[in-house]
Amino acid sequence: MSRVTLSRYLIEQTRSHNTPADLRFLIEVVARACKEISHAVSKGALGGVLGSMGTENVQGEVQKKLDVMSNEILLEANEWAGNLAGMASEEMDHPYQIPGRYPKGAYLLVFDPLDGSSNIDVNVSVGTIFSVLRCPQEHLSQNDSLSEEAFLQPGTKQVAAGYAIYGPQTMLILTLGNGVKGFTLDRELGSFVLTHENISVPTSTAEFAINMSNQRHWEAPVKRYVDELLAGKEGPLGKNYNMRWIASMVADVHRILTRGGVFMYPRDAREPEKPGKLRLMYEANPMSFIIEQAGGAATNGTQRILDIKPESLHQRVAVFLGSKEEVERVTGYHQA
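Not measured: the values here are computed from a predicted model. (Residues numbered from 1 in each chain as written. Predicted model: local features only at pLDDT ≥ 70, side-chain atom pairs only at ≥ 80, totals over all residues. Heavy atoms only, no water.)

**As for the overall build of the protein chain**
No. 1: Check the secondary structure of the protein chain and you find seven helices and 17 strands.
No. 2: Radius of gyration (C-alpha) of the protein chain: 19 Å, near the 20 Å computed for a compact globule of 336 residues.
No. 3: Overall size of the protein chain, expressed as C-alpha extent along the three principal axes, is 65 × 50 × 45 Å.
No. 4: Within the protein chain, the proportion of its 336 residues that are buried is 56%.
No. 5: Considering only contacts in the protein chain between residues 6 or more positions apart, those separated by 24 or more positions represent 64%. (Helix = DSSP H or I, 4+ residues; strand = E, 2+ residues; numbered from the N terminus. Rg over C-alpha atoms; globule rule 2.2 N^0.38 Å. Buried < 20%, exposed > 50% of the residue type's maximum accessible area, 1.4 Å probe, protein only. Contact = heavy atoms within 4.5 Å.)

Pasting the structure below:
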């Protein structure tokens, strides 16, 4: 039986689920960019891409050389194809305008070009996260600059989301709103090949992911839940748990999709005015879309993440995502 490549899968989606052809092509372009980023990541010191740029992004975080390179790869790959009205990146202050020499399309692309980049220099898995939205009709103009307002849509408006993880294998995890598929990069073939059909979050788990060094800053419900996990068999949950924390959201979420569990990045008392650490549009929304499509749940502690209406392009949010049972246990929020 012949293997199903990403291109074949997307064509079949066009036939069976009426996936628009321009969305199919957009996903293929993003996938090609991810292959280029994967190659750059794999070269490491041989490619001269390790280390810091000596600059900061809009969040005040030090930019790695690969942060900037990955951002440029995604912009250059997508600007000319005619599928996009604009792009927004975690690494840029403002929306990226499609150059006037290229036609505009109906979609918006939002991305974190290299999630977990603090791990690059120590050779830990990193990845690219992306989200696709339809551009509101009132913002579709070939002549006008695209405003930030066009992007400020709740996560329920996403038409596609995914991530590439650059680890021992390079994988692309994708949802078009009808389940989650996993593709593995066959470097000899040069294509992403369907290897994981109908990915779902395992319901039973003995693992959780959180940065324990921040424990003293957490709110009471999070402290209570983690204390119950750490109590093990002798505690109220009657089971021993293992803690995992990679400090790369892509890697932590990929593990949850594979083995179950819960990923937590709660707000804490150090900066009480901030609702959380992770970016709603670049990280929380696409990952929440994927997790929900895989049968899990995603909340900020009080409401479904995908229902949050963004107020700014770089808005932050607390994140609890994973199996429905564990997310409800830690937050008390029931997601049907």
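Still to come is the rest of the account.
**Quick look at the pattern of salt bridges**
No. 1: One pass over the full model with this rule turns up 17 salt bridges.
No. 2: Two residues, E207 and R244, come together in a salt bridge whose shortest N-O distance is 3.9 Å. Remark: R244 occurs in the loop between β12 (242-243) and α5 (249-259) and E207 occurs in strand β11 (residues 207-209); sequence separation between them is 37 residues.
No. 3: Residues D252 and R255 are paired through a salt bridge, measuring 2.9 Å at the closest nitrogen-oxygen approach. Of this pair, D252 and R255 are both found in helix α5, three residues apart, which corresponds to roughly one turn of the helix.
No. 4: A relative accessible area of 0% places D252 in the buried class.
No. 5: Overall, the relative accessible area of 10% leaves R255 in the buried class.
No. 6: Taken together, the shared-partner salt bridges connect E207, R244, D252, R255 and R259 into one network. (Salt bridge = Lys/Arg side-chain N within 4 Å of Asp/Glu carboxyl O.)

**Regarding the side chain of T128**
No. 1: Following the sequence through the fold, T128 ends up in strand β6 (residues 126-134).
No. 2: A distance of 2.7 Å separates the side chain of T128 from the side chain of Y166, its partner in a polar contact.
No. 3: Discounting residues that sit within four places of it in the chain, T128 has contacts with C34, I37, L74, D112, P113, G162, Y163, A164, Y166 and V250. (Polar contact = N/O pair within 3.5 Å; in protein donor to acceptor, adjacent residues only side chain to side chain.)

**Section: the packing of aromatic side chains**
No. 1: According to the stated counting rule, one finds three aromatic pairs in the structure shown.
No. 2: Between W245 and F263, the ring centres sit 5.7 Å apart and the planes meet at 15 degrees, which makes this aromatic pair stacked. Within this pair, whereas W245 is found in the loop between β12 and α5, its partner F263 is found in strand β13 (residues 262-265), the two being separated by 18 residues in sequence.
No. 3: Among the residues examined, W245 registers a relative accessible area of 25% and is labelled partly exposed.
No. 4: Each ring, one from W245 and one from Y265, has its centre 5.7 Å from the other, and the planes form 65 degrees; the classification is edge-to-face. Of this pair, W245 sits in the loop between β12 and α5 while Y265 sits in strand β13; the two residues are 20 residues apart in sequence, bridging distant segments of the chain.
No. 5: Residue Y265 is classed as buried on the basis of its relative accessible area of 17%.
No. 6: Members of the aromatic cluster, connected to one another through ring pairs, are W245, F263 and Y265. (Phe/Tyr/Trp six-rings, centres within 6.5 Å; stacked < 30°, edge-to-face > 60°.)

**Digging into the UniProt feature "binding site: substrate" (unreviewed entry) in the protein chain**
No. 1: In this structure's numbering, the residues bearing the UniProt feature "binding site: substrate" (unreviewed entry) are D115, G116, S117, S118, N211 and K277.
No. 2: For S118, the location among the structural elements is in the loop between β5 (107-115) and β6.
No. 3: Overall, S118 belongs to the exposed group, its relative accessible area being 53%.
No. 4: Relative to the elements of secondary structure, N211 occurs in the loop between β11 and α4 (220-230).
No. 5: Discounting residues that sit within four places of it in the chain, N211 has contacts with W218 and W245. (UniProt positions renumbered as here; feature names shortened; annotations may be inferred.)

**Considerations on the UniProt feature "binding site: Mg(2+) 1" (unreviewed entry) in the protein chain**
No. 1: Mapped onto this structure's residue numbering, the UniProt feature "binding site: Mg(2+) 1" (unreviewed entry) falls at E90, D112 and L114. Maximum C-alpha separation among the annotated residues is 9.2 Å over a sequence range of 25 residues, consistent with a single clustered spot.
No. 2: The class of E90 is buried, set by a relative accessible area of 5%.
No. 3: Looking at the secondary structure, you find D112 in strand β5.

**Considerations on α4**
No. 1: Within α4, burial applies to V222, Y225, V226, E228 and L229. Seen along its axis, α4 keeps its buried residues to an arc of 155 degrees; they face one direction.
No. 2: Lining the buried residues of α4 we find β11, β13, β17 (319-322) and α7 (324-331).
No. 3: Phi turns positive one or two residues past the end of α4, at G232, with a value near 65 degrees. (Arc of directions from axis to C-beta.)

**Overview of the environment of I305**
No. 1: Turning to its location among the elements, I305 is positioned in the loop between β15 (297-299) and β16 (316-317).
No. 2: Taking the C-alpha atoms as reference points, I305 and A81, separated by 224 residues in sequence, lie 31 Å from one another.
No. 3: Excluding residues within four positions of it along the chain, I305 makes contact with L280, A284, N285, S288, A298, T299, N300, A318 and V319.

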